[in-house]
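Structural overview
Here are the chains, one letter per residue:
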Amino acid sequence: MPWLTPEELRKALDEAGIRHRVVAVSACYSGGWIEPLANENTLVMTAADATHTSYGCGRLSELTFFGRAMFNEELRKTRSFETAFAAAVPLIKQREIEAGKEDGFSNPQISVGEKIRPVLDQLAQRLDAASK
């Protein structure tokens, strides 16, 4: 399978007319995807910064440490990506310490564009209303 660059992904999203975007990149060194994808209408989360590996991946892993903490645990408690991300980071750090990750904390990253925040807030309100 050919590699996908963040620039190629941004171009594909632009060409598809997808304006409001939530992008999660769960990969080693994925922090390098923040800048090319970030804009005022985008929330971008990465499992690591640009200089560190993430952890918990492998053929026997259903989810990475980032994926498990973010999507399987914290987003079950809130409809806010920012709140879930803030709660997931210390969980990821503790799991990396316990697993003996030797190359330093993965340091997950997030960028939230100012115009995506109210869109996500409105979505959360609609979901909350629908679940009552």
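Basis of the calculations
Residues numbered from 1 in each chain as written. Predicted model: local features only at pLDDT ≥ 70, side-chain atom pairs only at ≥ 80, totals over all residues. Heavy atoms only, no water. Salt bridge = Lys/Arg side-chain N within 4 Å of Asp/Glu carboxyl O. Buried < 20%, exposed > 50% of the residue type's maximum accessible area, 1.4 Å probe, protein only. Phe/Tyr/Trp six-rings, centres within 6.5 Å; stacked < 30°, edge-to-face > 60°. Helix = DSSP H or I, 4+ residues; strand = E, 2+ residues; numbered from the N terminus. Pairing = 2+ DSSP bridges. Axes fitted to C-alpha atoms, helices over the stretch in contact; angles between N-to-C directions. Contact = heavy atoms within 4.5 Å. Core = buried A, V, L, I, M, F, W, Y, C linked by side-chain atoms within 4.5 Å.

What the rule picks out here adds up to 11 salt bridges. Residue arginine 117 pairs with glutamate 114 through a salt bridge whose shortest N-O separation is 2.9 Å. Judged by relative accessible area, which is 26%, arginine 117 ranks as partly exposed. Judged by relative accessible area, glutamate 114 falls into the exposed class, the value being 55%. Salt bridges linked by common partners bring Arg10, Asp14 and Arg21 together as one network.

We now examine the packing of aromatic side chains. Applying the stated criterion across every chain yields a total of 2 aromatic pairs. Ring geometry for tyrosine 55 and phenylalanine 65: centres 5.4 Å apart, planes at 70°, overall edge-to-face. One end of the pair, tyrosine 55, is in the loop between strand E2 (42–46) and helix H3 (65–73); the other, phenylalanine 65, is in helix H3, and 10 residues separate them in sequence. What makes tyrosine 55 partly exposed here is its relative accessible area of 30%. Between phenylalanine 66 and phenylalanine 71 the ring centres are 6.1 Å apart and the planes differ by 85°, which places this aromatic pair in the edge-to-face class.

Ordered by their spatial adjacency, 3 strands build an open sheet running E1-E2-E3, and the pairing between neighbours is mixed. Of all strands in the sheet, those bounded by a partner on one side alone are strand E1 (21–25) and strand E3 (109–112). Averaged over neighbouring strand pairs, the angle between their axes works out to 5° when direction is ignored. Helix-sheet contacts for helix H5 (residues 116–130) involve E1, E2 and E3, and the interaxial angle to E2 is about 85°.

Along the chain, proline 36 falls in helix H2 (residues 34–37). Counting along the chain gives 42 residues from proline 36 to threonine 78, while the straight-line C-alpha distance between them is 28 Å. Residues within four places of proline 36 in sequence aside, it is in contact with Pro6, Glu7 and Arg10.

Position of threonine 83 among the secondary structure elements: in helix H4 (residues 81–99). Remark: the alpha-carbon pair of threonine 83 and methionine 70, spanning 13 residues in sequence, is separated by 9.9 Å.

With that settled, the discussion passes to the nonpolar core. Grouped together as the largest cluster of nonpolar side chains are 15 residues, with contacts concentrated most on Leu43, Met45, Phe66, Met70, Phe81 and Ile92. Every residue in contact with phenylalanine 66, bar those within four places of it in the chain, is listed here: Ser26, Met45, Thr46, Ala47, Phe71, Phe85, Ile92 and Pro108. Leu13, Val23, Val25 and Leu37 belong to the second largest nonpolar core, which has 7 residues in total.

We now examine the environment of tyrosine 29. Its location among the elements puts tyrosine 29 in the loop between E1 and H2. Taking C-alpha positions, tyrosine 29 is 29 Å from aspartate 121, a pair spaced 92 residues apart along the chain. Apart from residues no more than four positions distant in its own chain, tyrosine 29 is found in contact with Ala48, Asp49, Ala50, Thr51, His52 and Thr53.

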